[in-house]
Amino acid sequence: MVREHPYAEPCARPRQVVALALVLVLALPGVPRAADSPHRATALEAARWIRAQRISGEKGVWLADPAGPASANHSLFSGTAGVVIFFLEAARVTGDRSYLADARAGADALLDAVNRDTEKESGYYSGIAGMGFALHETYKATGTEKYRRGARRVVDLLRERAVQAGAGVEWNDYTDVALGNAGIGLFLQYAAREMNQPEARGLAMKAGARLVELGQREHGGLKWLARRGFADEMPNFAHGAAGVAYFLATLYRETKRREFLDAALAGARYLQSIAVSGAGGSLVPWRPGQQIYHLSMAHGPAGTARLFYRLHEVTGDGQWLDWVRRCARAILASGAPQKHSPGFWNNHGIAYGTAGLAEFFLELHQRTGDREYLEFARRAGGHLLAQAARDEASGGAKWFNAASSAVRGRTVAHTGLMHGAAGIGLVLLRFDAFNRQARGGIVFPDSPW
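Caption draft 1: A look at the overall build of the protein chain. Looking only at helices and strands, the protein chain has 15 helices and 10 strands in total. A compact globule built from 449 residues would reach a C-alpha radius of gyration of about 22 Å, and the protein chain, at 23 Å, matches this within 12%. Among the 449 residues that make up the protein chain, the fraction classed as buried is 58%. Summarising the internal contacts of the protein chain: among those between residues at least 6 apart in sequence, 66% fall at separations of at least 24. Of the roughly 18000 Å² of accessible surface on the protein chain, a fraction of 52% belongs to carbon and sulfur atoms. Of note, the protein chain has its 53 positive side-chain charges centred 3 Å away from the centre of its 42 negative side-chain charges.

Here you go:
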């Protein structure tokens, strides 16, 4: 008896052929499986779209704005470093090593820039400090020594670039987490703790001493201008007192130096003094004297609550957890994410939009057990799923965001961490991990969660 070849008559066994084809397709790297949760499946579709934005001929460099040929950069905020973090998390969650290959390609580009010292910005979200974080996380995921050496090279570069100023050191005119000395200090504390670089903690302490000195007394507390010599003040996490005080409170946790805690508490008192409070919670304005209230991580309660939570951790004082809850209540009362306001416009990212709110409430639920927080987190996560736009060319997912309320009519799909698909995908992967009761993922130097 001659056994019939299974492919001799393809039309004779349509069900088997379709099943085989489906298996072959789902075996391809980076293709979501039918069993994936909606959160994971959409995150992996975001990965497909980001992959398609790689610059031809350059390994591991992606366009931040696919419509802007000059938009590629290495930053944690919108560039290669942030995309590397997303791909590392996708590899960890799925076990798919193709995502690890993407992360390594990006880390190689970062390593080249660090070794040649071509990136002149030192900041955490804007320069080499964030690149160092991405390099060390790549080392942790791969065990490849060159990435560890690259991260240590970043610490060396920051030591070389530090300028003696007043009571300590600084790297530029910015005091803040996003661009300046507080964010660099947070990376240095990460380096001391995660990279066994004790000298990095000493450098962070010098940065802290300089920031304490730069604090300006007001309303019984301390405030910091975003940039030394400029009058502009944005008091929340990314550019103001909340972020600087968070760094100082974290520095106290690591060193037990009382002057850092005193300054952090003074920063919190200043924020309390300018907050608008009521039954709906407490909001610190985007700028003092302006009745515009952002909601998300960069300039709103989802970020400012990080300071209050860290103060609760280091002092054990329940008032600070109450202020975390005040921040949460303000968001709950706002009608977000469905309702837009001057301070919460059509943006889905971590820094300014829905992903930042979703992450905040998911993390807060896990620490308090409050079901109302979980309900909001799920609603915000569902909003992210609903707002995903399908990209026909890549078969992936992307989100269109307006960069600010001033240009809310102009939306762009970005690839990066804080303002684009990488960050939204990262938050969706955290929902997937929560739903599966899996362990948490990468912890950022500026996050208390």
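Caption draft 2: Highlighting the environment of glutamine 272. With respect to the helices and strands, the residue glutamine 272 is situated in helix α10 (residues 258–274). The exposure class assigned to glutamine 272 is partly exposed, which follows from its relative accessible area of 21%. Considered as a pair, glutamine 272 and aspartate 432 are 160 residues apart in the sequence and their alpha carbons are 35 Å apart. In this structure glutamine 272 touches Gln319, Trp320 and Trp323, once residues within four positions along its chain are discounted.

Caption draft 3: Fine view of the side chain of histidine 299. Relative to the helices and strands, histidine 299 is located in the loop between β6 (281–283) and α11 (301–315). Histidine 299 gets classed as buried once you look at its relative accessible area, which sits at 7%.

Caption draft 4: Just unusual backbone geometry, in detail. With an omega dihedral of 5°, the bond running from alanine 336 to proline 337 counts as a cis peptide bond. Along the chain, the position of proline 337 falls in the loop between α12 (318–334) and α13 (354–368). Even without being a glycine, asparagine 196 presents a positive backbone phi close to 55°. Topologically, asparagine 196 is positioned in the loop between α7 (181–194) and α8 (198–214). Look at asparagine 196 and you get exposed, because its relative accessible area is 59%.

Caption draft 5: Here's a closer look at α7. The end-to-end C-alpha distance of α7 is 20 Å, a good match for the 20 Å that 14 residues give at a rise of 1.5 Å each. The buried fraction of α7 is high, at 12 of 14 residues. Taken residue by residue, α7 has Asn181, Ala182, Gly183, Ile184, Gly185, Leu186, Phe187, Leu188, Gln189, Tyr190, Ala191 and Ala192 as its buried positions. Residues of α7 that are buried sit in contact with α5 (128–142), α6 (145–161), β2 (168–170), α8 and α9 (241–255). Phi turns positive, to about 55°, at asparagine 196, one or two residues after α7.

Caption draft 6: Looking closely at the side chain of serine 78. Positionally, serine 78 belongs in the loop between α2 (38–51) and α3 (80–94). Reaching out from serine 78, the side chain makes a polar contact with the side chain of asparagine 73 at a distance of 3.1 Å. Those residues in contact with serine 78 that lie beyond four places of it in its chain are Ala64, Asn73, Thr415, Gly416 and Leu417.

Caption draft 7: The pattern of salt bridges, seen in detail. Under the counting rule described, the total for this entry stands at 37 salt bridges. Of the charged contacts, one joins glutamate 194 and lysine 140 as a salt bridge, the two residues approaching to 3.5 Å between their closest N and O atoms. One end of the pair, glutamate 194, is in helix α7; the other, lysine 140, is in helix α5, with 54 residues separating them in the sequence. Between glutamate 170 and arginine 210 there is a salt bridge, and its shortest N-O distance comes to 3.1 Å. Residue glutamate 170 is found in strand β2, and its partner arginine 210 is found in helix α8; the two are separated by 40 residues along the sequence. It is possible to trace a salt-bridge network through shared partners that takes in Glu137, Lys140, Arg193, Glu194, Arg201, Arg253 and Glu254.

Caption draft 8: Fine view of the packing of aromatic side chains. For the structure shown, the criterion picks out 17 aromatic pairs. Note on phenylalanine 308 and tryptophan 323: the rings are 5.5 Å apart at their centroids and 50° apart in plane angle, and the pair reads as tilted. Of this pair, phenylalanine 308 sits in helix α11 while tryptophan 323 is found in helix α12, placing the two residues 15 residues apart along the sequence. Connected via pairs of aromatic rings, a cluster forms that spans Tyr309, Phe360, Phe361, Tyr373, Phe376 and Trp449. One cation-aromatic arrangement involves lysine 256 over tyrosine 252; the distance from NZ or CZ to the ring centre is 5.2 Å.

Caption draft 9: How the structure looks around the confidence of the model for the protein chain. Summarising the model, the protein chain shows a mean pLDDT of 92, and 92% of its residues fall at 70 or more. Per-residue pLDDT stays below 50 along residues 1–29; that stretch engages in 11 contacts with residues further than four places along the chain or on separate chains.

Calculation rules
Residues numbered from 1 in each chain as written. Predicted model: local features only at pLDDT ≥ 70, side-chain atom pairs only at ≥ 80, totals over all residues. Heavy atoms only, no water. Helix = DSSP H or I, 4+ residues; strand = E, 2+ residues; numbered from the N terminus. Rg over C-alpha atoms; globule rule 2.2 N^0.38 Å. Buried < 20%, exposed > 50% of the residue type's maximum accessible area, 1.4 Å probe, protein only. Contact = heavy atoms within 4.5 Å. Areas by Shrake-Rupley, 256 points an atom, 1.4 Å probe, with all protein chains shown as cover. Lys, Arg positive; Asp, Glu negative; His and termini not counted. Charge placed at Lys NZ, Arg CZ, Asp CG, Glu CD. Expected span 1.5 Å × (residues − 1). Polar contact = N/O pair within 3.5 Å; in protein donor to acceptor, adjacent residues only side chain to side chain. Salt bridge = Lys/Arg side-chain N within 4 Å of Asp/Glu carboxyl O. Phe/Tyr/Trp six-rings, centres within 6.5 Å; stacked < 30°, edge-to-face > 60°. Lys NZ or Arg CZ within 6 Å of the ring centre and 35° of its normal. pLDDT = per-residue confidence, 0-100.

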